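This is what each chain is made of:
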Amino acid sequence: MALLEVSNVTKRFGDGFSLKRVSLSAERGDIVCLLGPSGCGKTTLLRLIAGLESPDDGTITFDGRDLDRVPSRDRGFGLMFQDLALFPHMDVSGNVSFGLRMQRRAQEEVSARVNTLLRLVGLEDFRQRKIHELSGGERQRVALARSLAGEPRLLMLDEPLGALDRALRETLQAQVRAILKALGQTAIYVTHDRDEAYAMADTMVIMEGGEVVQAGTPEELYNAPRSEMVARSMGIRNVLRGQRAGEDEHATHLLTEVGLVAGVLQGGDLRPAGDALAFVDERRIEVGARTQASASATQRVTLVDGTVESRRFHSGELEVVVRAGTGRLTCVTKPTDDVPAAGDEVTVAIPFDAVRIVAAEREGITSAADALG
């Protein structure tokens, strides 16, 4: 049994649902990231686990114990929120030690714990500084140290880095993960930022509309998303919807919104004319003038004609978006003189092994006509 088990939890607010039969688990020492857009139920789920709200249905157990009648204060869980809620009239040491002093711990124990945590978060020389004298990143680390002071059995972090600029956020992501791992701390981490979830998670739980859409390791979700929503959440740019249109010795063929595409079928069976999703690696496809692309074509490459809609330089690469059929394909390539410009008619060459195909959970696709728009 996992350390934390959330089983078929439902929470209603008024006539609507916030959570509908949500289930997830966390192993000891794991960092589980809840990823999804605002309003999908991430914070509500966190509050239910913390005991700040009660579920209408379902169970939450921790270390084999049902938490239904356990008050929040007796669960031994820690919380860290985006607003931090640090005490401005206290110095760093006072903020970190506050919870321990409220528990009437011995002064020697409090001092030793504060020293350990400040050293762990790299603030041992800041103990007497006031909160207003700290940078944003330093305040985040004080808040983390305070949330860890009581040695929580489970630490819950709700968008803890959301107020910081991207560069600082990326630096702190690595630091926070390293600290949690060094302590063997089990944690639930809420974010709407995909890159942050990638940086933090052992397990990712994708949520939408109050439900868990898919859960697994970052690699599992990236390699085998079960829906377009999950694929987009994982940063896959080229997601094509369609229906099976046959196969050959090399690949499965799909009729999609950009035309006929061939790829490698992954994970399970796909019935004839079955709904499917194709994920096309944007760095493996080539965009060129139609005659050039056609001349290099082989039986293992799908050719799709289209028009360059836009191109954008970003971080040393060119992102070229091609309008084809009723859909779009994105190609990411190194900037060279022969990269087509906006408005150019092109052919996109797609190697079959750059396309992953999975059976689709139904998302309004009822026919090939629907897939083609």
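Residues numbered from 1 in each chain as written. Predicted model: local features only at pLDDT ≥ 70, side-chain atom pairs only at ≥ 80, totals over all residues. Heavy atoms only, no water.

Peer 1: Please provide a residue-by-residue account of a nonpolar patch on the surface, values included.
Peer 2: On the surface, Leu52, Leu79 and Phe81 cluster together into a nonpolar patch covering about 210 Å² of accessible area. Among the secondary structure elements, phenylalanine 81 is positioned in strand S6 (residues 77–81). Given a relative accessible area of 31%, phenylalanine 81 falls into the partly exposed group. (Patch = residues over 30% accessible without salt bridge, like charges linked within 9 Å, V, L, I, M, F, W, Y side chains within 5 Å. Areas by Shrake-Rupley, 256 points an atom, 1.4 Å probe, with all protein chains shown as cover. Salt bridge = Lys/Arg side-chain N within 4 Å of Asp/Glu carboxyl O. Helix = DSSP H or I, 4+ residues; strand = E, 2+ residues; numbered from the N terminus. Buried < 20%, exposed > 50% of the residue type's maximum accessible area, 1.4 Å probe, protein only.)

Peer 1: Describe the nonpolar core, with residues and values.
Peer 2: Considering soluble globular proteins, one finds that nonpolar side chains tend to be buried as a cluster. Judged by nonpolar contacts, the single largest core of 44 residues is most densely connected at Val96, Val142, Leu144, Leu180, Met204 and Ile206. Here the element with the most residues in this core is helix H4 (residues 136–149); it accounts for six residues. Excluding its chain neighbours within four sequence positions, the residues that come into contact with valine 96 are Val114, Leu117, Leu118, Val142, Ala145, Arg146 and Ala149. The next biggest cluster of nonpolar side chains, apart from the first, holds 27 residues, and it includes Leu3, Leu19, Cys40 and Ile49. (Core = buried A, V, L, I, M, F, W, Y, C linked by side-chain atoms within 4.5 Å. Contact = heavy atoms within 4.5 Å.)

Peer 1: Go over the packing of aromatic side chains, please, and point to the residues and values.
Peer 2: If you walk through the whole model with that rule in mind, you get two aromatic pairs. Pairing phenylalanine 87 with phenylalanine 98 gives two aromatic rings, centres 4.7 Å apart and planes at 55°, and the pair type is tilted. Of the two residues, phenylalanine 87 is situated in the loop between S6 and helix H2 (92–102) and phenylalanine 98 in helix H2; the sequence distance between them amounts to eleven residues. A relative accessible area of 26% places phenylalanine 98 in the partly exposed class. (Phe/Tyr/Trp six-rings, centres within 6.5 Å; stacked < 30°, edge-to-face > 60°.)

Peer 1: With reference to specific residues and values, describe H2.
Peer 2: Val92, Gly94, Asn95, Val96, Ser97 and Leu100 are the residues of H2 that are buried. At its buried positions, H2 is contacted by helix H3 (107–120) and H4. For H2, the N-terminal capping position is held by aspartate 91, with its side-chain oxygen 3.3 Å away from the main-chain nitrogen of serine 93. Positive backbone phi, approximately 60°, marks arginine 104, located one or two places after H2. (Polar contact = N/O pair within 3.5 Å; in protein donor to acceptor, adjacent residues only side chain to side chain.)

Peer 1: I'd love a proper account of the sheet that holds strand S17 (residues 317–324), names of residues and values included.
Peer 2: For sheets, the rule is that strands pair by backbone hydrogen bonds, running either parallel or antiparallel. If you trace the five strands from one edge of the open sheet to the other, you get S15-S19-S16-S17-S18, paired in antiparallel fashion. With one partner strand each, in any of the chains shown, strand S15 (286–289) and strand S18 (327–333) form the two edges of the open sheet. Each strand of the sheet is rotated relative to its neighbour by a mean of 45°, with strand direction disregarded. Summarising the sheet, strand S16 (residues 301–314) and strand S19 (residues 345–351) pair through seven bridges and their orientation is antiparallel. Each residue of the ladder has a partner; that of leucine 303, found in S19, is alanine 349. (Pairing = 2+ DSSP bridges. Axes fitted to C-alpha atoms, helices over the stretch in contact; angles between N-to-C directions.)

Peer 1: Give a description of the environment of leucine 45 that names residues and reports values.
Peer 2: As for its placement among the helices and strands, leucine 45 is situated in helix H1 (residues 42–50). For leucine 45 and serine 111, which are 66 residues apart along the polypeptide, the C-alpha to C-alpha distance reads 34 Å. Leave out the neighbours within four places in its chain, and leucine 45 touches Val6, Leu19, Val22, Leu24, Leu34 and Met207.

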